Amino acid sequence: MNLPRFWTTSPELTSDPFRAMRREMEKVFRAFDQNWPSADIGAGAPAISVAETKDAYEVTAELPGVDEKDIKVSLDENQLVISGEKKAESTKEEKDWHVEERSYGSFYRSMSLPFEPEDGAVDAHFDKGVLYLTIKKPAKAIKATKTINIKTGAAPQTGTAPRKAA
């Protein structure tokens, strides 16, 4: 493996040493990333999407290949936790594998909610490898939109006059 040069004498990069250093560090990380196997352990963190409506938060988590019984959703005050395990196929030893990019093992994902949900406020459904969660906001967390009336004409004097240039 050839390591990248750490310093360059390119006139374009020597004018801005921070830009030069950043570019060289990116080269170093790219070189190591290309030549080392992936360091993923377990199934990692599932991809999630979070949307907010007036009354609730909607969270979807992609969990392909995971059985519903192997998923755990919990709340610890305002912390929402999705965890579980993606189990490996039992016939793995019966074949000569050439490529295996699928990951197995435990997974964990958490997020802080801007409120503490009330009891029974979380609804969960699992369909075709996607976990759907709806977390209802408590009444005190629902914000009412207030409309501000706009008046026409000059703004009222506030008692502070702009300073004149000397």
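What counts as what
Residues numbered from 1 in each chain as written. Predicted model: local features only at pLDDT ≥ 70, side-chain atom pairs only at ≥ 80, totals over all residues. Heavy atoms only, no water. Helix = DSSP H or I, 4+ residues; strand = E, 2+ residues; numbered from the N terminus. Buried < 20%, exposed > 50% of the residue type's maximum accessible area, 1.4 Å probe, protein only. Contact = heavy atoms within 4.5 Å. Areas by Shrake-Rupley, 256 points an atom, 1.4 Å probe, with all protein chains shown as cover. Pairing = 2+ DSSP bridges. Axes fitted to C-alpha atoms, helices over the stretch in contact; angles between N-to-C directions. Salt bridge = Lys/Arg side-chain N within 4 Å of Asp/Glu carboxyl O. Phe/Tyr/Trp six-rings, centres within 6.5 Å; stacked < 30°, edge-to-face > 60°. Core = buried A, V, L, I, M, F, W, Y, C linked by side-chain atoms within 4.5 Å. pLDDT = per-residue confidence, 0-100.

### Some details on the overall build of the protein chain
Helix and strand counts for the protein chain come out as two helices and seven strands. Helices and strands appear in the protein chain in the N-to-C order α-α-β-β-β-β-β-β-β. Buried residues in the protein chain amount to 21% of all 166 residues. A sequence separation of at least 24 residues applies to 54% of the contacts in the protein chain between residues at least 6 apart. Carbon and sulfur atoms provide 51% of the accessible area of the protein chain, an area that totals close to 13,800 Å².

### Focus: the sheet that holds strand β5 (residues 105-112)
Read from one edge of the open sheet, three strands run β3-β4-β5, paired in antiparallel fashion. The sheet is open, and its two edges are formed by β3 (71-76) and β5, each paired on a single side. Going from strand to strand, the sheet's axes swing by 15 degrees on average, the running direction of each strand aside. Pairing of strand β4 (residues 79-86) with β5, which is carried by eight bridges, proceeds in the antiparallel orientation.

### Thoughts on the pattern of salt bridges
Tallied over the entire structure, the rule returns six salt bridges. Lys 69 is paired through a salt bridge with Asp 70; the nearest N and O atoms lie 3.8 Å apart. Using a relative accessible area of 66% as the deciding quantity, one classes Lys 69 as exposed. On the basis of relative accessible area, Asp 70 is assigned to the buried category, the value being 15%. What you see here is one network of salt bridges that share partners, running through Asp 67, Lys 69, Asp 70 and Lys 87.

### Description of the pairing of strand β1 (residues 48-52)
When β1 meets strand β2 (residues 56-62), the two strands line up antiparallel, connected through five bridges. Note that in β2 the partner of Ala 51 across the bridge is Glu 58. With antiparallel pairing between neighbouring strands as the criterion, β1 and β2 make up a hairpin whose turn holds three residues.

### Let's talk about the packing of aromatic side chains
Across all of its chains, the model carries one aromatic pair by this definition. Aromatic pair Tyr 57 and Phe 115: ring centres 5.8 Å apart, planes at 40 degrees, arrangement tilted. Pair noted here: Tyr 57 is in strand β2 and Phe 115 is in the loop between β5 and β6 (122-127), with a separation of 58 residues, a long-range link. A single burial state applies to Tyr 57 and to Phe 115, both of which are buried.

### Quick look at the sheet that holds β1
Across the sheet, four strands lie side by side as β1-β2-β7-β6; this open sheet has antiparallel pairing. Looking at the sheet topology across the chains shown, the edges are occupied by β1 and β6. Neighbour-to-neighbour, the strand axes of the sheet open up by a mean angle of 15 degrees, direction not taken into account.

### Observations concerning the nonpolar core
What tends to happen in soluble globular proteins is that the nonpolar side chains get buried as a cluster. Counting residues in each nonpolar core, the largest one holds 15 residues, and the members touching the most others are Val 59, Leu 80, Ile 82, Leu 131, Leu 133 and Ile 135. Contributions of two or more residues to this core are made by β2, β4, β5 and β7 (130-136). Apart from the residues within four sequence positions on either side, Val 59 is in contact with Ser 49, Val 50, Leu 80, Ile 82, Met 111, Leu 131, Tyr 132, Leu 133 and Ile 135.

### Quick notes on the confidence of the model for the protein chain
Regions with low pLDDT should not have their predicted coordinates read in detail. Residues with a pLDDT of 70 or more make up 76% of the protein chain, whose mean pLDDT is 80. Here residues 37-41 scores under 50 on pLDDT; set against residues more than four positions off or in separate chains, the count is zero contacts.

### Observations regarding the pairing of β3
Sheet topology note: the β3/β4 ladder contains six bridges and is antiparallel. Its bridge partner being in β4, Val 73 is matched across the sheet by Ile 82.

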